Amino acid sequence: QVQLVESGGGLVQAGGSLRLSCAGSGRTFSTYIVGWFRQTPGKQREFVATVSWSGATTQYDDSVKGRFTISRDNAKNTVYLQMNSLKPEDTAVYYCAAKVIGYQLVPDERRYDYWGQGTQVTVSS
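Overview of the structure. Here the structure is a predicted model, which means the values were calculated and not measured. (Residues numbered from 1 in each chain as written. Predicted model: local features only at pLDDT ≥ 70, side-chain atom pairs only at ≥ 80, totals over all residues. Heavy atoms only, no water.)

This part takes up the nonpolar core. In terms of nonpolar packing, the biggest core is built from 27 residues, with Trp36, Leu81, Met83 and Tyr94 touching the most fellow members. Those elements that place two or more of their residues in this core are strand 3 (18-24), strand 4 (33-39), strand 5 (46-51), strand 7 (68-73), strand 8 (78-83), strand 9 (92-99) and strand 11 (119-124). It is strand 9 that provides the largest number of residues to this core, a total of four residues. Counting seven residues, the second largest nonpolar core, distinct from the first, contains Phe37, Ala97, Val106 and Tyr112. (Core = buried A, V, L, I, M, F, W, Y, C linked by side-chain atoms within 4.5 Å. Buried < 20%, exposed > 50% of the residue type's maximum accessible area, 1.4 Å probe, protein only. Helix = DSSP H or I, 4+ residues; strand = E, 2+ residues; numbered from the N terminus.)

The structure is reproduced here in structure tokens:
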């Protein structure tokens, strides 16, 4: 069983920055692909970014490319999402998720096996 705990959410003005953290449990967390997703009320959860086990390969949704950066520190069992130039439309609950099987980066939430409880990000205009 893998446990994921997100932190770092909050209220920020448009143009500001936040860094989200996803702390994972277990010795094998460093071998998993980890992704960030977000969801607003009444909408489906959407892909934001994902990172390979080594951190060498990343993938982003077009809506955040150039503004968000995903990274990981396997010594700390933590994956980060640095969010810059935030926009009101980035407001959502942000979730991290671990993909246990396979090494392919995928934006499909159905391919992820474990999820955190989410952290709220609110961007005011």
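What follows is about the packing of aromatic side chains. For the structure on display, the rule yields four aromatic pairs. Between Phe37 and Phe47 the ring centres are 5.8 Å apart and the planes differ by 70 degrees, which places this aromatic pair in the edge-to-face class. Residue Phe37 is located in strand 4, and its partner Phe47 is located in strand 5; the two are separated by ten residues in the primary sequence. You'll find Phe37 and Phe47 in the same group, each marked buried. Plain terms: the ring middles of Phe37 and Tyr112 are 5.1 Å apart, the flat faces sit at 75 degrees to each other, and that makes the pair edge-to-face. Separated by 75 residues along the polypeptide, Phe37 in strand 4 and Tyr112 in the loop between strand 9 and strand 10 (114-115) bring together distant segments of the chain. Assigned by exposure class, Phe37 and Tyr112 land together as buried. Here the aromatic cluster, defined as three or more aromatic residues joined through ring pairs, consists of Phe37, Phe47, Tyr112 and Trp115. For Arg45, the ring lying beneath its charged end belongs to Tyr95, and the centroid distance is 5.1 Å. Its end group placed over the ring of Trp115, Arg45 keeps NZ or CZ at 3.8 Å from the ring centre. (Phe/Tyr/Trp six-rings, centres within 6.5 Å; stacked < 30°, edge-to-face > 60°. Lys NZ or Arg CZ within 6 Å of the ring centre and 35° of its normal.)

Now for the side chain of Ser52. When you line up the elements, Ser52 lands in the loop between strand 5 and strand 6 (58-60). In this structure Ser52 touches Ile33, Thr57, Arg72 and Leu105, once residues within four positions along its chain are discounted. (Contact = heavy atoms within 4.5 Å.)

All right, on to the state of the cysteines then. A full pass over the atoms with the stated rule returns one disulfide. What pairs with Cys22 in a disulfide is Cys96, and their sulfur atoms sit 2.1 Å apart. In this structure the cystine formed by Cys22 and Cys96 twists about its S-S bond by roughly 65 degrees; its chirality is therefore right-handed. Taken together, the positions of Cys22 in strand 3 and Cys96 in strand 9 put the pair 74 residues apart, joining distant regions of the chain. Residues Cys22 and Cys96 agree in their burial class; the two are buried. (Disulfide = S-S within 2.5 Å.)

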